[in-house]
Structure formats: structure tokens, C-alpha cells
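# Topology and contacts: notes
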Amino acid sequence: MKISFSNPAAVTSGVVVVGVNEGNKLSSSAAGIDKASGGSLMRAIKASTFKGKKGQQLSIMTLAGTKLDRVLLLGLGKPTDMGLTGALNAGGAVYAALAKAGAATVAVCIDGIDGDTKTAPDLASEFGYGARLRSYRFDKYRTKEKAEDKPTLKAFKILCPNSGKARTAFASKNQVADGVFLTRDLVSEPPNILYPDTLAKRTKELAKLGIKVEIMTETQMKKLGMGALLGVGQGSIRESRMVVMQWNGAPKSKSGKAETPIAFVGKGVTFDTGGISLKPAAGMEDMKWDMGGSAVVIGLMKALAGRKAKTNVVGVVGLVENMPGGNAQRPGDIVTAMDGQTIEVLNTDAEGRLVLADALHYTNTRFKPKFMVNLATLTGAIIVSLGNEYAGLFSNNDQLSERLATSGLAVDEKVWRMPMNDAYDKMINCDAADMKNIGGRGAGSITAAQFLQRFVGKTPWAHLDIAGVTWSGKDAPVVPKGGTAFGVRLLDRLVADHYEK
Ligand code: BES
Ligand code: MN
Ligand code: ZN
């Protein structure tokens, strides 16, 4: 999808999108078309049920008196209804409405809230961003799709006052969209193609954006004593990996000392069979996206480097495949994590926490970051708690939690904080080792979080359990069904609002 911006001009042919406020108050662009058509536009509106309500659409073909192929009227609601989020969602909805409508290029007129041209550039860039986000499609393995089933729409030409400002604002959002698309690509790839080594290799493309990428092999991880992570991967013929990505975008301070980084850590189980504690067959294919946390971290790094974020960021992902097999870890095995703590593995399907234990400790001790946020499709229990609407947020720090919640609301990637305390922590105490990898019957997402907390020391930390929000079965305005990349826009926003110089 190509999105371009230029200053207002009359659109006299092809497809044009114009706004109409509630009560059928035409925007100035719509009024211009009505006039050019000798009133045909208003006649078409009156012949329909269109009222200009927010989100309403009316498509008019070959408008009488004009050479226009199609006029898409977009309901804007009351002038106060259409904020930046409204514009973002409108971009997505308009893309979806026109994607397969035949035209390759569409003109969109954005005049500003209640005709206030000052508001137009920001609305226009959000609209373009929404359209781009919605245009994502994972079709690389479809060899027989008919041309008429594929999208025809290739470009949005957005006309708005002060289009230069819109173009600049869009450029950095477009970089975030590139990060979102990378994340969606990675979670969509099948597990025979994407496994620890191939996923690690995909991160090398980030080097051309200025990100330093280090890929650790099993031999290196063994030396560091990462017994928790390696135990999970040992049943697979695919070797485990850890990838460390660094983006140093903060300006050097006067003393020449590098700014302390912030850190993001991702669970990257490229396929989760459950291991010897095997999962049931039905729905197991979903476990290809059990690397969703790592994909968010990788896409976020791409987004931040792409828009040259003025901050120092570390991204660490632990990549393993959880398979049963002759060398697989057994229920009852005791493993030693990198920090020396021992873990009795009572259920090999509670593997994500084992991977993150070593990834978090490694990140914390090597980088001593300002904070760590980890993302993981960690528990089915979080889907029982929050469904597919909110991610679970678990944290040892109120400020970080509040910032995450606020950023989440701003980009419509919502998180809900869950409780943590000593009583829950006790549930993973163990007679045979320092801890066990499962709690009791209840509070499955919380005991998983308590487990992670045992590996973060005193560093401000938050864990996002994204099991319910990583994949979606239905289209949303800026998120087509499939891999959502939930977390990339949220964390990009967190960084932009609080951690850039
Ligand atoms: N990857 C799963 C969690 C999951 C389930 C993600 C459904 C997305 C959709 C995780 O590794 C897992 O298997 N967790 C177990 C933990 C249990 C054994 C304590 C679970 O949720 O059942
Ligand atoms: Mn599992
Ligand atoms: Zn898992």
C-alpha cells in the first residue's frame, strides 16, 4: 500500500472518498462534488438511509453529472466524534471497503474537524496509517488464488491542507507499520519454515537499520548455564537460540557516558507441542504463534530503529521448539537456571516461563536496564480471565504499570493489571528444588507471573501475557484477522511518550 499526500485539488475522475457529518452536513470537499454534480450527490444521499453517522458509509457509482467512477461517503458523526483514533479507524475501514472494489488508486479528501484546516494534517496521517495497517495480508503460500479474490487497491492519494506536515508525520508512523508487518509475518509463518535458527536469521535484516544483532548458539548458552531454556529445547532436533538486539539512538551525554537502556524480552517458542506433557491434537496448530512475544520484540526493534527513536533499547528473545522425543525433558526433571536457582519441571507444557527465566536474568545482569518488559503467550488461563480483549499485565512497579495501561488505551491495545503477592508466590514453592514450574489448580496466569518475578531481581519489570490477543479470528478496523502484532504499537507509544530524549 502506497500512501501519498498532496494539497487539496478538485477530484473529477476515478474514486474519491469524502466526509459527511451527522445530519448530512457535507464537508467542503463533499459540497464541492455535490455542486459539480448539480446536486446529484445530495439526491443520492436522500434516496438512502445514510445520515452521516460515525462509521456509516455510502458508495455511489458513476455519480450523475460527473466523470467520477465512485464516491464513497464516510460518516464522520458529530464534529467532536472524529478524533485521531476515529481517523485511524476510518482509514482502516475505508481500506477494507475499497480493497477489492476494482480501483487501484483512490483519492481521499480530508478537510479537518468542522472544516478547521489546522487539524487536517494529523487526521490525514492517522487515516493513512490506519489504511496501511489494515492492508496487511499474509498470502505468500497461496499459489492458486484467483485475481478477482485479491485486493485491487494499491494506493491512497490523500488530499489535505498543509500536506507536507501530514507527509512528515506519516513517515514515522509508516516505520512503525513496517515493524507491525514484520511481527505479523513472523507469527504467520508455519513452524516447519520458522524455527529457532531461521527465526534468529530473520533478525539479521535489522542490522541494515543500525541495530546490533548477536545470535547465541546452544554451545554459548550452555557456557552461560542457561539450563532452564536449554531443557525446553532439548527434545527438538532444532537447536535453540537466543538473539540480542541493541538500538542505541540516545544522544551521548556530555560526560560521554551511554544512556542506560530499556529492555524488552520475548518468549519465542516456535512450536509448543507441550513436550512430554503433550497437548491435545485439537487446535495444536495454534501453537505456531507461541513465538508471538519474540515477534513483538523483533518488530518493535524494527519500528524504533526505523523511526530513529532517540533512546537506547535492548531486545532479547529466547527461541526454542518444545517437542516430545527421546531426548525430551521429563516431568520430574530438575534444571538449574543461569542464576543458579533450581526448578522442578512438573509439566513440560509450562515451558515459556523456563525460557523467560534465563532470558530475563541474562538481560538484567548484562544490561542493568532501567526496566524490563517481557511479552509472552504464556498461559491459556489468561484467556479464561480476559478473553481476547485485554492482555494481562503483571508488574512489580506501579509507575511502569500505569504507563503501560495509558499507552495501551491510546493505541487500543489494552492491558489489565492482575494481582501479584507472596501468597501466590508460595504456590510455586517446592520440596525437591527451589521452585516448581506450575502452581496449584487456580490462578494459573498469576503463578506463572510469580515464577518470572523470581528472575528479575529488583529491576522495575512488567510481564504482558498476550496469549489471548496475539492471534485474532475476526477483522478489526486496523487489524485484519490473523496475527495482530499486539504490543508493537503499545510499546512504541510507551517509548515515545516517556523514554526519548
Ligand atoms: N503456550 C501455552 C499457552 C497458550 C495457550 C497460549 C493457548 C496461547 C493459547 C503455554 O506454554 C502453556 O502450554 N501453558 C499451560 C500452562 C499449564 C501447563 C500450567 C496452559 O496454559 O495450559
Ligand atoms: Mn506450553
Ligand atoms: Zn507455550
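Residues numbered from 1 in each chain as written. Chains lettered and ligands numbered in written order. Predicted model: local features only at pLDDT ≥ 70, side-chain atom pairs only at ≥ 80, totals over all residues. Heavy atoms only, no water.

### Quick look at the site of ligand 1
Worth spelling out the cut-off: In these notes, residues near a molecule or strand are those with any non-hydrogen atom within 4 Å of it. Any N or O atom pair separated by 3.5 Å or less is treated as a polar contact, with the protein-specific requirement of one donor-capable and one acceptor-capable atom, and with residues adjacent in sequence counted only for side-chain atom pairs. To measure how exposed things are, a 1.4 Å probe is used in the Shrake-Rupley method; for residues, cover is taken only from the protein chains shown. With a 1 Å grid spanning the protein atoms alone, the term cavity applies to any set of points in which a 1.4 Å probe fits but cannot get out, the term pocket to an open set with protein on both sides within 12 Å along at least five of seven lines, and the term lining residue to any residue with an atom within 4 Å of a point. To be counted as sitting in a cavity or pocket, a molecule needs more than half of its atoms within 2 Å of that site's grid points. Following the grouping adopted for this structure description, the nonpolar residues are Ala, Val, Leu, Ile, Met, Phe, Trp, Tyr, Cys and Pro, the charged ones are Asp, Glu, Lys and Arg, and the polar ones are all others, Gly among them.
Around ligand 1, 17 residues are found, and the nearest of them are K279, D290, D349, E351 and G380. In this structure, D272 approaches ligand 1 through a side-chain N or O atom, which is 2.9 Å from an oxygen atom. Within the side chain of K279, a nitrogen or oxygen atom sits 2.8 Å from an oxygen atom of ligand 1. With the chains in place, 77% of the 520 Å² that ligand 1 exposes on its own is no longer accessible. Of all the cavities here, the one that holds ligand 1 is the largest pocket. Partitioned by chemical class, the residues of the shell around ligand 1 number six nonpolar, four polar and seven charged.

### Details of the environment of V244
The condition that has to hold: A run of DSSP states H or I qualifies as a helix once it reaches four residues; a run of E qualifies as a strand once it reaches two. Both are numbered from the N-terminal end. Relative accessibility under 20% of the residue-type maximum defines a buried residue, over 50% an exposed one, and the middle range a partly exposed one, all with a 1.4 Å probe and only protein chains included. What makes two residues a contact is simply this: any of their non-hydrogen atoms within 4.5 Å.
Locating V244 in the fold gives a position in strand β9 (residues 241-248). By relative accessible area, which is 0% here, V244 ends up buried. Aside from chain neighbours lying at most four places away, what touches V244 is K212, V213, E214, M216, V314, G315, V316, Y362, R366 and F367.

### Section: the coordination of the zinc ion (ligand 3)
Counted only if it meets this: Only N, O and S atoms count as donors, using a 2.8 Å cut-off from the metal and 3.2 Å for Na, K and Ca, and because water is excluded some sites may appear unfinished. Working rule for geometry: tetrahedral if four donors all subtend angles between 85 and 135 degrees; square planar for four, octahedral for six, if opposite donors exceed 155 degrees and the others stay between 65 and 115; irregular in every other situation.
Within the protein, the zinc ion (ligand 3) binds to K267 (NZ), D272 (OD), D290 (OD) and E351 (OE); these donor distances fall in the range 2.0 to 2.4 Å. Around the zinc ion (ligand 3) sit six donor atoms; with metal-centred angles ranging over 78 to 174°, the donor geometry is octahedral. The sequence pattern describing where the donors of the zinc ion (ligand 3) fall on their chain is K-x4-D-x17-D-x60-E. Here the manganese ion (ligand 2) and the zinc ion (ligand 3) are spaced 3.2 Å from one another, each receiving a donor from D272. Of this pair, D290 sits in the loop between β10 (262-272) and α9 (292-306) while E351 sits in the loop between β13 (342-345) and α10 (352-367), placing them 61 residues apart in sequence.

### Notes on the sheet that holds strand β11 (residues 312-322)
As a reminder, the rule being used: At least two DSSP bridges between two strands are needed for those strands to be called paired. Fitted lines through C-alpha atoms serve as axes, helices being fitted only where they are in contact, and the angles separating the N-to-C directions of these axes extend from 0 to 180 degrees.
Strand order in the open sheet formed by eight strands is β8-β9-β11-β10-β14-β18-β15-β16, with mixed pairing between adjacent strands. Bordering the open sheet on either side are β8 (212-216) and β16 (415-417), each of which pairs with just one other strand. Each adjacent strand pair in this sheet contributes to an overall mean axis angle of 20°, direction not counted. Pairing between β8 and β9: five bridges, direction antiparallel. Note that in β9 the partner of V213 across the bridge is M245. Sheet strands in contact with α10 are β8, β9, β10, β11, β14 (372-376) and β18 (461-465), and its direction is about 155° off that of β10.

### Remarks on the pattern of salt bridges
Put simply, the rule is: Think of a salt bridge as a Lys or Arg side-chain nitrogen and an Asp or Glu carboxyl oxygen that are within 4 Å of each other.
For the structure on display, the rule yields 29 salt bridges. Among the salt bridges present, the one from E189 reaches R202, with a minimum N-O distance of 3.7 Å. Of this pair, E189 sits in the loop between α5 (163-188) and α6 (196-202) while R202 sits in helix α6, placing them 13 residues apart in sequence. A relative accessible area of 26% means that R202 is categorised as partly exposed. Two residues, R241 and E239, come together in a salt bridge whose shortest N-O distance is 3.0 Å. With a relative accessible area of 39%, E239 lands in the partly exposed category. Taken together, the shared-partner salt bridges in this structure form one network comprising R137, D139, R142 and E145.

### Looking at the state of the cysteines
This is how it is decided: When the sulfur atoms of two cysteines come within 2.5 Å, that pair is taken as a disulfide.
Within this structure, the stated rule accounts for zero disulfides. With no disulfide partner, C109 has as its closest neighbouring cysteine sulfur the one in C160, 10 Å distant. A relative accessible area of 12% means that C109 is categorised as buried.

### Comments concerning α10
Short version of the rule: The length a helix should cover is 1.5 Å for every residue beyond the first.
Between its first and last C-alpha atoms α10 spans 22 Å; for 16 residues at 1.5 Å apiece the expected length is 22 Å, and the two agree. K368 occupies a position one or two residues after α10 and carries a positive phi of about 40°.

### Remarks on helix α12 (residues 398-411)
Inclusion rule: The arc in question is the one traced by the directions running from the helix axis out to the C-beta atoms.
Taking 1.5 Å of rise per residue, 14 residues should cover 20 Å, and α12 covers 20 Å from first to last C-alpha, within 8% of that figure. Buried residues of α12: L400, S401, L404, S407, G408 and V411, and no others. Seen from one end, α12 has its buried residues packed into an arc of 135°, which puts them on one side. Pointing more than 90 degrees away from the buried face of α12 are the exposed residues E402, T406 and L409. Contact partners of the buried residues in α12: β14, β15 (391-395), β16, β18 and α15 (488-498). Measuring from the side-chain oxygen of the N-cap residue of α12 to the backbone nitrogen of Q399 gives 3.1 Å; that N-cap residue is N397. Backbone geometry just after α12 places D412 at a positive phi near 60°.

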